Amino acid sequence: MPKRSGLVVSSGRRGMLLLLVHAALIQIIVFGIRPSLSYAALDVGASPTLLGLLTAFYALPALVLAMPAGRLTDVIGERAGMIIASVITVAATLVAVLGARSLGMLIAASVLLGCGQMMTVLAEQSFVGAISPAGRSDSIFGIYGFAVALGQTIGPLMLMLPGDTAHTPPIRLVFTVGLVCAVLMLAVSLTIRGPEPESSQGRVGMLRAAGAVLGTHGLPHALVAGSLVLATVDIFVAYAPLLGQERGISAAVISLMLVARSGFSMISRLFLGPLARGLGRRWLLVGSILVSAVTLGAFFFEVPVWALVVLTCGYGFAIGVCQPITMSWISLIAPTGMRGIAMSLRLASNRLGQTALPALLGTLAAATGAAGVLGASGALLLVAAGAGLGVPDDRGTGQSEVVAR
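Residues numbered from 1 in each chain as written. Predicted model: local features only at pLDDT ≥ 70, side-chain atom pairs only at ≥ 80, totals over all residues. Heavy atoms only, no water.

Caption draft 1: Molecular detail of helix 3 (residues 78-98). Compared with the 30 Å implied by 1.5 Å per residue over 21 residues, the 30 Å span of helix 3 between its first and last C-alpha is a close match. Every buried residue of helix 3 is accounted for by Glu78, Gly81, Met82, Ala85, Ser86, Thr89, Val90, Ala92, Thr93, Val95, Ala96 and Val97. (Helix = DSSP H or I, 4+ residues; strand = E, 2+ residues; numbered from the N terminus. Expected span 1.5 Å × (residues − 1). Buried < 20%, exposed > 50% of the residue type's maximum accessible area, 1.4 Å probe, protein only.)

Next up, the structure:
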């Protein structure tokens, strides 16, 4: 598949390095701020069910705006998309700092953070796809996924900062650190140089482009699998603090669990290229989702704290494989000038899962607590594994999709 010529090799390396910093920063912000939003909501009297709604508010805007944002990225280019996303993220963290004691302001911060994160990942993933040779797509998306997981590992460490009690992190301080990271992300966005928009991107309307991408063999299966997988990650992040409160687990241990989840995801992504070539996308995807289902479902049972940490490590390693695999594959099959819309369809399906499933499973919290929600999330991953069987098994080269198109 032809790549855009706006980057020479040297600037491409610099651009990729800056992109990795950008990717880590947004994840530091999201995975530090979002658990703190849960703690802040609980601190002002929110019910466990409302935590599911708070997660849904984070995902809802992107569900509505993902396709227009993806098409906008195709038209204006990835760099401009990153700048707009960074400005929204700065606004989100500022609202969180100013409204830490207001449930309405916390919801507003969650909505803005969802919008900023949505536009950020669309631009980042389109950028990676634009500069990745087809034969190395899995490996490069794996490196991108490593940077994402690195940020997801660092972000929860903010919860370990000394707080008022052992079970509550310093909420306003975490929000302030997130604001500083958002400003840094904006600075990186202004510095990065990416490929120019493709000349053919404005010729096809948004709905027609979406229809063309959706007609690709196996794409709906990848979308379903990816959306269910990402929804369980969001549910884990949102309900880990509640699990800690219910079982008397300190905020430091919950932080360790969140760090372990993202850290082991980071490790698994280093080996994504060889694993995809050896096992093929289909079986790597299905196998990793099945392991995720077992480890997350085990949270339903009363087990020692050390066992929860071990289960989190296994869940993190397995769940870390799915998203880069689907990103790489979708990038490879996207028609010229439609990479942004292809990624937006992936993101929209993810957000649908993030919107509906946390709100639905949140209704279980009143009766079963966080353990019931996490156990049900593990069961949903069995559905995701079934969907993964429909993804073409091309041994990770990307050639079959390119030739077929």
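Caption draft 2: Focus on the packing of helix 4 (residues 103-131) against helix 5 (residues 137-154). Running from N to C, helix 4 and helix 5 cross one another at 145°; their axes reach a closest spacing of 10 Å. Seen along the crossing, helix 4 lies across helix 5 with a hand that is right-handed. When helix 4 is examined against helix 5, the residues Val121, Glu124, Gln125, Val128 and Gly129 are found in contact with a partner set consisting of Ile140, Phe141 and Tyr144. (Axes fitted to C-alpha atoms, helices over the stretch in contact; angles between N-to-C directions. Left-handed = near helix turned anticlockwise from the far one by under 90°. Contact = heavy atoms within 4.5 Å.)

Caption draft 3: Structural view of the packing of helix 8 (residues 219-247) against helix 9 (residues 251-270). Where helix 8 contacts helix 9, the axes come no closer than 10 Å and their chain directions differ by 160°. Of the possible angle classes, the one that applies to helix 8 and helix 9 is roughly antiparallel. Regarding helix 8 and helix 9, the two cross each other, and that crossing is right-handed. Seen from helix 8, the contacting residues are Val233, Phe236, Val237, Ala240, Pro241 and Gly244; seen from helix 9, they are Ile254, Met257, Leu258 and Arg261. Looking at the contact of helix 8 with helix 9, its residues break down into eight nonpolar, one polar and one charged. (Parallel < 35°, antiparallel > 145°, perpendicular 65-115°, else oblique. Nonpolar A, V, L, I, M, F, W, Y, C, P; charged D, E, K, R; others polar.)

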